[in-house]
Amino acid sequence: PTGVYTENVYLIGDFNSYGAEAPITYLLENGYTSLLDPETCPYTYVFDGQWGTLDYAFVRNSAACRAVAAPWHVNADEADLLDYNLDFGRNPDIYNDTVPARFSDHDPIVVGMNLDEEKGCKGKGSKKAKGRKGKAQKKTSDKMKGKKSH
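Residues numbered from 1 in each chain as written. Predicted model: local features only at pLDDT ≥ 70, side-chain atom pairs only at ≥ 80, totals over all residues. Heavy atoms only, no water.

Chemist: Describe the environment of Asp107, with residues and values.
Modeler: Among the secondary structure elements, Asp107 is positioned in the loop between β6 (67-71) and β7 (109-113). Its relative accessible area of 2% is what places Asp107 among the buried residues. Considering only alpha carbons, one finds Asp107 and Pro71, 36 residues apart in sequence, at a separation of 6.1 Å. Those residues within four positions of Asp107 in sequence are excluded, and the remaining contacts are Tyr43, Thr44, Asp55, Trp72, His73, Val74, Asn75 and Ala76. From its side chain, Asp107 meets the backbone nitrogen of Val74 in a polar contact 3.2 Å long. Within the structure, Asp107 has its side chain in polar contact with the backbone nitrogen of Asn75 (distance 2.8 Å). (Helix = DSSP H or I, 4+ residues; strand = E, 2+ residues; numbered from the N terminus. Buried < 20%, exposed > 50% of the residue type's maximum accessible area, 1.4 Å probe, protein only. Contact = heavy atoms within 4.5 Å. Polar contact = N/O pair within 3.5 Å; in protein donor to acceptor, adjacent residues only side chain to side chain.)

Chemist: An account of the side chain of Thr25 is requested, with residue identities and associated values reported.
Modeler: With respect to the helices, strands and loops of the structure, Thr25 is situated in helix α1 (residues 22-29). Side-chain polar atoms of Thr25 contact the backbone oxygen of Ala22, separated by 3.2 Å.

Chemist: Go over the sheet that holds strand β2 (residues 32-34) with me, naming the residues and quoting the values.
Modeler: Taken in spatial order, the three strands line up as β1-β5-β2 in an open sheet, and their pairing is antiparallel. Two strands in the sheet have a free side with no partner beyond their single neighbour: β1 (10-14) and β2. Across the sheet, the axes of successive neighbouring strands diverge by a mean angle of 25°, strand direction being ignored. (Pairing = 2+ DSSP bridges. Axes fitted to C-alpha atoms, helices over the stretch in contact; angles between N-to-C directions.)

Chemist: Run through the pairing of β6, naming residues and quoting values.
Modeler: Alternating positions in β6 separate cleanly, Ala67, Ala69 and Pro71 being buried on one face and Val68 and Ala70 remaining unburied on the opposite face. In this structure, β6 lies alongside β7, joined through five bridges in antiparallel fashion. Counted as the bridge partner of Ala69 is Val111 from β7.

Chemist: Quick rundown of the pairing of strand β5 (residues 55-60)? Include the residues and the values.
Modeler: Here is the key point about a regular strand: its side chains alternate between the two faces of the sheet. A large share of β5 lies buried, amounting to five of its six residues. Strand direction decides the pairing type here: β1 and β5, joined by five bridges, are antiparallel. Of the residues in β5, the one forming a bridge with Ile12 is Ala57. One ladder, built from three bridges, connects β2 with β5; its direction is antiparallel. Note on β5: the bridge partner recorded for Ser34 is Phe58.

Chemist: Any details on a nonpolar patch on the surface? Residues and values, ideally.
Modeler: On the surface, a cluster of nonpolar side chains totalling about 280 Å² of accessible area is made up of Ile12, Met113 and Leu115. Of the residues examined, Ile12 reaches a relative accessible area of 43% and is grouped as partly exposed. (Patch = residues over 30% accessible without salt bridge, like charges linked within 9 Å, V, L, I, M, F, W, Y side chains within 5 Å. Areas by Shrake-Rupley, 256 points an atom, 1.4 Å probe, with all protein chains shown as cover. Salt bridge = Lys/Arg side-chain N within 4 Å of Asp/Glu carboxyl O.)

Chemist: Got a sec to walk through the packing of aromatic side chains? Specific residues and values, please.
Modeler: Tallied over the full model, the rule gives four aromatic pairs. Centroid distance Phe15 to Phe58: 5.2 Å. Interplanar angle 80°. Geometry classified as edge-to-face. One end of the pair, Phe15, is in the loop between β1 and α1; the other, Phe58, is in strand β5, with 43 residues separating them in the sequence. Given the relative accessible area of 26%, Phe15 is considered partly exposed. Between the aromatic rings of Tyr56 and Phe58, the centroid separation amounts to 5.3 Å while the plane-to-plane angle is 20°, which identifies the pairing as stacked. (Phe/Tyr/Trp six-rings, centres within 6.5 Å; stacked < 30°, edge-to-face > 60°.)

Chemist: For the confidence of the model for the protein chain, give the residues involved together with the corresponding values.
Modeler: When pLDDT is averaged along the protein chain, the result is 76, and 75% of the positions lie at 70 or above. For residues 123-130, every residue scores under 50 in pLDDT, and the model assigns this stretch eleven contacts once sequence neighbours within four places are set aside. (pLDDT = per-residue confidence, 0-100.)

The following block contains the structure:
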C-alpha cells in the first residue's frame, strides 16, 4: 500500500491458529519464516490448563537473518486470579495495572531487528534464525498439550 518494495516484511501478533493449521502453513509455504522455534517456544498462551502457540513473528525468508524473536512469558504463566478482567465475580482490587503481568492471556512476542543494509544479511538465507522455514513441520509443539508442569 505504500508503493515501496522491501524484503523486510514482518508479520507479528496473535494469528489465532496453531502451527499445523492452514493460515500458518500458508505463510511457511509462501516465503515466510517463523522466528519462534517450536522446540524452544512451545507456548504463548495458557487457557484452562491447556497451552499452545497462537502468537507468532514471521519474516520474509530473505530477511530472516536480520531478526530474532522470543516470547516474553509475562502473562500466560500467571494465575487467573491476577487477571485483567472481572469474569466470575473477581474482585477488581486484586488487579494491579502497575505490574507487567497478566495484562493479557497471551504472552507478547519481542522482536529484535537489524535493518541496516550495510551490516545485514544482504538477502542471503538465515544461519541464525532457528524458527520454521519452508513447508510446515509434521512434528509440531504448537498443538494443544496437557497441563503444564511447573
